[in-house]
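Listed below, chain by chain, are the residues.
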Amino acid sequence: MTIIVTGGAGFIGSNFIFHMLKAYPEYRIVCLDKLTYAGNLSTLAPVADNKNFRFVKADICDRTAVFKLFEEEKPDVIVNFAAESHVDRSIEDPEIFLRTNILGTAVLMDACRKYGIKRYHQVSTDEVYGDLPLDRPDMFFTETMPLHTSSPYSSSKASADLLVLAYHRTYGLPVTISRCSNNYGPYHFPEKLIPLMIANALNDKPLPVYGNGENVRDWLYVEDHCKAIDLIIHKGREGEVYNVGGHNEMRNIDIVKLVCKELGKPESLITYVADRKGHDMRYAIDPTKIHNELGWLPETKFADGIKKTVKWYLENRAWWETIISGEYQNYYEKMYGSR
Ligand code: NAD
Ligand code: TDX
């Protein structure tokens, strides 16, 4: 079995590659990644010498490069993680989100149509459902809910989902889609909430909480997401969408306070800053379908996962310090300088 994993030099894709090479030593895993600011080849160093692993630097929008790779590798399965993934960046500059997240998805699926494939899996997000009100804790995202997006990022992901379902109906492409809640864990890029707070706290810098900090996210340890995708590509039904989440809703402010506690840093570092435009209030996944059909359940409790994550950032300072000492500083100044 040969699997092309796009976006495998990023946060979830790299964790997925580690999981698959360990769980299926006989599979060939080919990572296709453009190495944008979010992609980091050093992340894949632990598997670089694995004879069943190949890295190819290419843009998923580059039809020639993608088709060439399909000709060379004749993949059985594609798992598409490649995306522009940060909501705040999409608010600043939507265009690249439309290009990579929508056009790139179409190019990959066109290659699947031409060369044949057993499964095309699209890694989507719970953000395609929009948000839920804070005063309705009885409401959860189910797969049948209408798409109702808030940001250019989530709109681009929802557009891609619609295209994936259209390729299934129109061309009979064997597709699946997973819509997961917020992930956390090793190799999470430090522009995102949890690693940003860890890095800032360790440097005794202010911890910028948007708005009043009461927005709720549903956090899942990255390995649990990877195991869910593993199950879906092997056992999921073609043409189906599977929500992935572990009923672990937390307010942003409580996450930040927990990070302070784990690192022994004072809560006085917390600074309330201007809210994100169009900021979604609450995400909450109903994972009943993937549990009933595929037997998936999250294995890592948040209390353990956050400890493991903090430990990883403490033990792998070089990984994130290299990132935040480069171009990231301009980004940080632009996004937080006058917030
Ligand atoms: P990330 O930003 O950490 O990594 C994205 C990777 O894609 C990088 O390695 C980057 O170089 C690569 N990439 C970007 N544009 C590309 C292009 N045009 N061609 C080839 N490669 C390109 O993202 P992540 O957090 O790992 O998210 C991965 C996927 O999971 C995304 O599709 C995202 O929408 C989805 N998702 C993320 C979360 C989350 O909490 N992070 C939750 C649900 C779904
Ligand atoms: O500095 C910050 N301060 C802050 O209060 C940052 C970076 C974020 N926040 C808030 C905004 C959100 O309510 O924390 C929450 C989480 O923010 P992000 O880490 O940017 O994640 P989110 O916007 O929820 O989106 C994430 O989950 C769904 C991923 O980035 C997406 O790729 C995924 O689809």
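Scroll up to find the structure.
Parameters and conventions
Residues numbered from 1 in each chain as written. Chains lettered and ligands numbered in written order. Predicted model: local features only at pLDDT ≥ 70, side-chain atom pairs only at ≥ 80, totals over all residues. Heavy atoms only, no water. Helix = DSSP H or I, 4+ residues; strand = E, 2+ residues; numbered from the N terminus. Rg over C-alpha atoms; globule rule 2.2 N^0.38 Å. Buried < 20%, exposed > 50% of the residue type's maximum accessible area, 1.4 Å probe, protein only. Lys, Arg positive; Asp, Glu negative; His and termini not counted. Charge placed at Lys NZ, Arg CZ, Asp CG, Glu CD. Near = heavy atom within 4 Å. Polar contact = N/O pair within 3.5 Å; in protein donor to acceptor, adjacent residues only side chain to side chain. Areas by Shrake-Rupley, 256 points an atom, 1.4 Å probe, with all protein chains shown as cover. Nonpolar A, V, L, I, M, F, W, Y, C, P; charged D, E, K, R; others polar. Arc of directions from axis to C-beta. Contact = heavy atoms within 4.5 Å. Core = buried A, V, L, I, M, F, W, Y, C linked by side-chain atoms within 4.5 Å. Phe/Tyr/Trp six-rings, centres within 6.5 Å; stacked < 30°, edge-to-face > 60°. Lys NZ or Arg CZ within 6 Å of the ring centre and 35° of its normal. Pairing = 2+ DSSP bridges. Axes fitted to C-alpha atoms, helices over the stretch in contact; angles between N-to-C directions. Salt bridge = Lys/Arg side-chain N within 4 Å of Asp/Glu carboxyl O.

Engineer: Residues and numbers for the overall build of the protein, please.
Structural biologist: Counting secondary structure elements, the protein contains 12 helices and 13 strands. Expected size for 339 residues packed as a compact globule is a radius of gyration near 20 Å; at 19 Å, the protein falls within 12% of this value. Seen through its principal axes, the protein has C-alpha atoms that stretch 55 × 45 × 35 Å. The buried share of the protein, reckoned over its 339 residues, is 58%. Between the mean site of the 40 positive side-chain charges and the mean site of the 45 negative ones, the protein shows a separation of 3 Å.

Engineer: I'd like to hear about the site of ligand 2, residue by residue, with values.
Structural biologist: Near ligand 2 there are 22 residues, and of these Glu127, Tyr153, Arg276, His279 and Tyr336 occur at the shortest range. Within the backbone of Pro208, an N or O atom sits 2.8 Å from a nitrogen atom of ligand 2. With respect to ligand 2, the side chain of His279 contributes an N or O atom lying 2.6 Å from an oxygen atom. Contact with the protein chains covers 94% of the free accessible surface of ligand 2, which is 660 Å². Of all the secondary structure elements, the ones that give two or more residues to the shell around ligand 2 are helix H6 (193-202) and strand S8 (207-210). Among the residues making up the shell around ligand 2, the classes are represented as 10 nonpolar, 7 polar and 5 charged.

Engineer: Lay out helix H12 (residues 328-336) with the relevant residues and their values.
Structural biologist: Looking only at H12, the buried set comprises Tyr328, Tyr331, Tyr332, Met335 and Tyr336. Here the buried residues of H12 occupy an arc of 100° about the axis, which is enough to place them on one side. Facing away from the buried side of H12 by over 90 degrees, the exposed positions are Glu333 and Lys334. Here the buried face of H12 lies against helix H3 (87-92), H6, S8 and helix H11 (317-325).

Engineer: Which residues make up the nonpolar core, and what values do they have?
Structural biologist: Ranked by internal contacts, the top residues of the largest apolar core, which has 64 residues, are Ile3, Phe16, Ile17, Ile29 and Val79. Here Ile3 is in contact with Met20, Tyr27, Arg28, Ile29, Val30, Val77, Val79 and Ile233, once residues within four sequence places are set aside. Among the nonpolar cores identified, the runner-up in size contains 34 residues, and Val66, Val107, Leu108 and Tyr129 belong to it.

Engineer: Hey, could you go over the packing of aromatic side chains for me, with residue numbers and the actual values?
Structural biologist: Within this structure, the stated rule accounts for 23 aromatic pairs. Ring-pair connections join several aromatic residues into one group, and the members of that group are Tyr37, Phe189, Tyr210, Tyr328, Tyr331, Tyr332 and Tyr336. The ring of Tyr37 carries the charged tip of Arg89 above its face, separated from the ring centre by 3.6 Å. The lysine or arginine in question, Arg89, covers the ring of Tyr331, its NZ or CZ lying 4.1 Å from the ring centre.

Engineer: Describe the sheet that holds strand S11 (residues 240-244), and please don't skip the residues or the numbers.
Structural biologist: Strand order in the open sheet made by the 7 strands is S3-S2-S1-S4-S5-S6-S11, with parallel pairing throughout. The outermost strands of the open sheet, each flanked by one partner alone, are strand S3 (53-57) and S11. Adjacent strand axes in the sheet meet at a mean angle of 20° when their direction is disregarded. Direction of pairing for strand S4 (residues 77-80) relative to strand S5 (residues 119-125): parallel, over a ladder of 4 bridges. Residue pairing across strands places Val77 opposite Arg119, the latter belonging to S5. Across the sheet, helix H2 (residues 63-73) lies against strand S1 (2-6), strand S2 (28-33), S3 and S4, angled at about 170° from S2, the strand it touches most. The sheet contacts of helix H5 (residues 152-171) involve S5, strand S6 (175-180) and S11, and relative to S5 the element is tilted by about 155°.

Engineer: So what's going on with the pattern of salt bridges? Residues and values would help.
Structural biologist: Taken as a whole and judged by the stated rule, the model has 26 salt bridges. Here Arg179 ties to Asp161 by a salt bridge, and the two come within 2.8 Å at their closest N and O atoms. A residue pair is termed long-range when its members are at least 10 positions apart, and Arg179 in strand S6 and Asp161 in helix H5 qualify at 18 residues. Across this residue pair, the class does not change: Arg179 and Asp161 are buried. Glu315 is the salt-bridge partner of Lys311, the closest N and O atoms lying 3.2 Å from each other. Taken together, the residues Lys311 and Glu315, both in helix H10 (residues 302-315) and 4 residues apart, mark about one turn of the helix. We classify Glu315 as exposed; its relative accessible area is 54%. Each of the salt bridges in this network shares a partner with another, and the network as a whole consists of Arg28, Arg54, Lys68, Glu72 and Glu73.

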